Amino acid sequence: VDSVFVAPAGWSWDIILYFFLGGIAGGALFLANLLRLSGAQPTLVPARIGYYIAFPLVNLCGLLLIKDLGRPERFWHMLLQSERFPLPMLKWWAPMSVGSWVLTFFGLAAFISFVYALLEGRVIRWDRLDPLQRWLAPLHRPGVLGAIYLVGGAGLGLLMAGYTGILLNNTSAPTWSQDPLLAPMFMASGVASAGAAMFLLGHFAGADAPSARHAVLRVALVALIVEAVLLVGAVAMGLTHISTSTYFLGLWGAFFWLIVLPLGIAAPILLLWTAEHRDRLLVRNAPVVGAALLLIGAFLFRTLEVLGGQAYFQLY
Amino acid sequence: VARPISSSTEPRRRPVLLRRSEAGRIGIIALVLGVVQAVLFYDHFAVALTLLFGLGLGLWLRTWEAAVPALAAFLVGYLLAVGTGWLHDARPLWEPLLGGMLAVLGGVVGGGIFDVLRRDVDATAPAPARVDSIGRRF
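Reference entry: report on the structure contained in this document.

Conventions we followed
- Residues numbered from 1 in each chain as written.
- Chains lettered and ligands numbered in written order.
- Predicted model: local features only at pLDDT ≥ 70, side-chain atom pairs only at ≥ 80, totals over all residues.
- Heavy atoms only, no water.
- Helix = DSSP H or I, 4+ residues; strand = E, 2+ residues; numbered from the N terminus.
- Rg over C-alpha atoms; globule rule 2.2 N^0.38 Å.
- Buried < 20%, exposed > 50% of the residue type's maximum accessible area, 1.4 Å probe, protein only.
- Contact = heavy atoms within 4.5 Å.
- Areas by Shrake-Rupley, 256 points an atom, 1.4 Å probe, with all protein chains shown as cover.
- Lys, Arg positive; Asp, Glu negative; His and termini not counted.
- Charge placed at Lys NZ, Arg CZ, Asp CG, Glu CD.
- Expected span 1.5 Å × (residues − 1).
- Bend = angle between axes of the 7 residues up to and from the residue.
- Axes fitted to C-alpha atoms, helices over the stretch in contact; angles between N-to-C directions.
- Parallel < 35°, antiparallel > 145°, perpendicular 65-115°, else oblique.
- Left-handed = near helix turned anticlockwise from the far one by under 90°.
- Nonpolar A, V, L, I, M, F, W, Y, C, P; charged D, E, K, R; others polar.

### Some points on the overall build of chain A
Working step 1: Within chain A, the regular secondary structure consists of 10 helices and zero strands.
Working step 2: In chain A, the succession of α and β elements from N to C terminus is α-α-α-α-α-α-α-α-α-α.
Working step 3: Rg of the C-alpha trace for chain A: 20 Å, near the compact-globule value of 20 Å for 316 residues, within the 12% margin.
Working step 4: C-alpha extents for chain A along the principal axes are approximately 65 × 60 × 30 Å.
Working step 5: By residue count, 56% of the 316 residues in chain A fall in the buried class.
Working step 6: Taking contacts inside chain A between residues at least 6 apart in sequence as the whole, the part at least 24 apart equals 71%.
Working step 7: With an accessible surface of roughly 13500 Å², chain A has 69% of that area assigned to carbon and sulfur atoms.
Working step 8: Counting 18 positive and 14 negative side-chain charges, chain A places the averaged centre of each group 8 Å from the other.

What follows is the structure, encoded as structure tokens:
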């Protein structure tokens, strides 16, 4: 540990917001595609809500990444070779390069489903686009073509939510490089926060089919429990290198144990579990409060990982 | 209890910003947000924060027009910050350009989702459980 002299990445709020919104976008496409695969009629609206948020959010993600670059006008260098334009720039061994392509293909899939959702929900009512809707429909319902597209899109959603964890884990920072559970935790957190966001939007929009909405929330709860179990593993592994573990690192350790864990993970699990599975509301509007806490917790967790993960440098 | 943003039996709400009674309140909030941004404008934090403000305003106002006060809040904050000497480590072109874009997009995305849901034929239809056998809402 004494030999650590790696400078921190210098990532700040742009990256925290990118991780947070990218997780929701990825999780939303993942959940929406799974709902579509189920083929159940009441799940159509929650699935469309997922499509409605995935594409706009991935656009915000792209803008945040561009802004984070020292030379924003060169953002396209991440995808295309500037010396041999327009050959693609792909370094399969570099998570950042692979992530750029994941973001691109995810954006494409999210765009296709976004357009289809607008047409299916008749948000856009233009007769000339009817053939497009007919053409896209088989991709969004159970069937061979639909299964391939929806499973592929769901996989891209999980990658979108989780590749950032792989990216962190592959850096030289002692905090991140010793935490192999970051990627699955980010995936689980992305799915959970997306489920919470879809539930809250459906709830406040007064969308019908509350049973489907609550089914989405229950999936979010399962994802949050998975995240919590992974977090227990990560904390246990952190015990072997306490001086460089984000979960025990000075004030960031206190932030994790006193705020993130109780308010962002334990409280939503308790509130949602009792409301959804025990039919008991611990507080008024427990599902709404639980979903909101889940979202806040996901943001705080990204803040902890990004800022706390770079705090090791202050100790040397 | 869920608060419907509209239903097929109610007249469509006018866009929020066109209602004079709310314009002043929204303007004051935009100004406060702008000052908060100026106070925090010591590094890139505030420009990222402007996206959160935009999203928050959008989710609160529930219309894409939240982009207007979001942009106003960003401009107020940015100009105050520049006026009080915050210039170090700032890219003169990219910071205001991308910051403004994030503010606008935050408002558009945060509020626009409700505009989309208002127009979605199924998402805002009266819930079946609230309609009696001859279609009256209760």
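### Some thoughts on the overall build of chain B
Working step 1: Counting its regular elements, chain B contains four helices and zero strands.
Working step 2: Relative to its 138 residues, chain B shows a buried fraction of 45%.
Working step 3: Residue pairs at least 24 apart in sequence account for 74% of intrachain contacts in chain B once pairs closer than 6 positions are excluded.
Working step 4: Total accessible area on chain B stands at roughly 7200 Å², and carbon and sulfur atoms take up 68% of it.

### Focus on unusual backbone geometry
Working step 1: Between A:F85 and A:P86 the backbone carries a cis peptide bond, its omega angle lying at 5°.
Working step 2: Among the structural elements, A:P86 can be located in the loop between α2 (44-68) and α3 (95-120).
Working step 3: Positive phi values are uncommon outside glycine, yet A:R122 reaches one of about 60°.
Working step 4: One can find A:R122 in the loop between α3 and α4 (130-136).
Working step 5: Non-glycine residue B:R62 carries a positive phi angle of around 60°.
Working step 6: Within the secondary structure layout, B:R62 lies in the loop between α2 (45-61) and α3 (67-83).

### Focus: helix α4 (residues 94-119) of chain B
Working step 1: With 26 residues, α4(B) extends 35 Å between its outermost C-alpha atoms, agreeing within 8% with the 38 Å of an ideal straight helix rising 1.5 Å per residue.
Working step 2: Along α4(B), the sharpest change in direction is near 35° and occurs at B:G112.

### Describing the packing of helix α1 (residues 13-38) of chain A against α2(A)
For any two helices packed against each other, the geometry comes down to the angle between their axes and how far apart the axes lie.
Residue and element names in this part refer to chain A.
Working step 1: Taken N-terminus to C-terminus, the directions of α1 and α2 make an angle of 155°; their axes are 7 Å apart at the nearest point. By the angle between their directions, the pair α1 and α2 is classed as roughly antiparallel. When the axes of α1 and α2 are compared, the crossing they make is left-handed.
Working step 2: Classifying every residue of the contact of α1 with α2 by side-chain character gives 22 nonpolar, three polar and five charged.

### Section: the side chain of B:D115
Residue and element names in this part refer to chain B.
Working step 1: Along the chain, D115 turns up in helix α4.
Working step 2: Classification of D115 by relative accessible area gives buried; the value is 16%.
Working step 3: Excluding residues within four positions of it along the chain, D115 makes contact with R62, T63 and W64.

### As for the packing of helix α8 (residues 210-238) of chain A against helix α10 (residues 286-308) of chain A
Residues and elements named next belong to chain A.
Working step 1: Packing of α8 against α10 brings their axes to within 12 Å, and their N-to-C directions diverge by 40°. Relative to α10, the element α8 lies oblique. Classified by chirality, the crossing of α10 by α8 is left-handed. Here H214, L217, A220, L224, E227 and L231 of α8 come into contact with α10, specifically with P287, A291, L294 and F301.
Working step 2: The class makeup of the residues in the contact of α8 with α10 is eight nonpolar, one polar and one charged.

### Side note on the environment of A:A286
All names here are of chain A.
Working step 1: If you trace the backbone, A286 turns up in helix α10.
Working step 2: You can call A286 buried: its relative accessible area is 0%.
Working step 3: It is 8.9 Å that separates the C-alpha atoms of A286 and P268, two residues lying 18 residues apart in sequence.
Working step 4: Residues in contact with A286, not counting those within four places in the same chain, are L271, L272, A275 and L281.

Any functional reading would require information beyond the geometric quantities listed.
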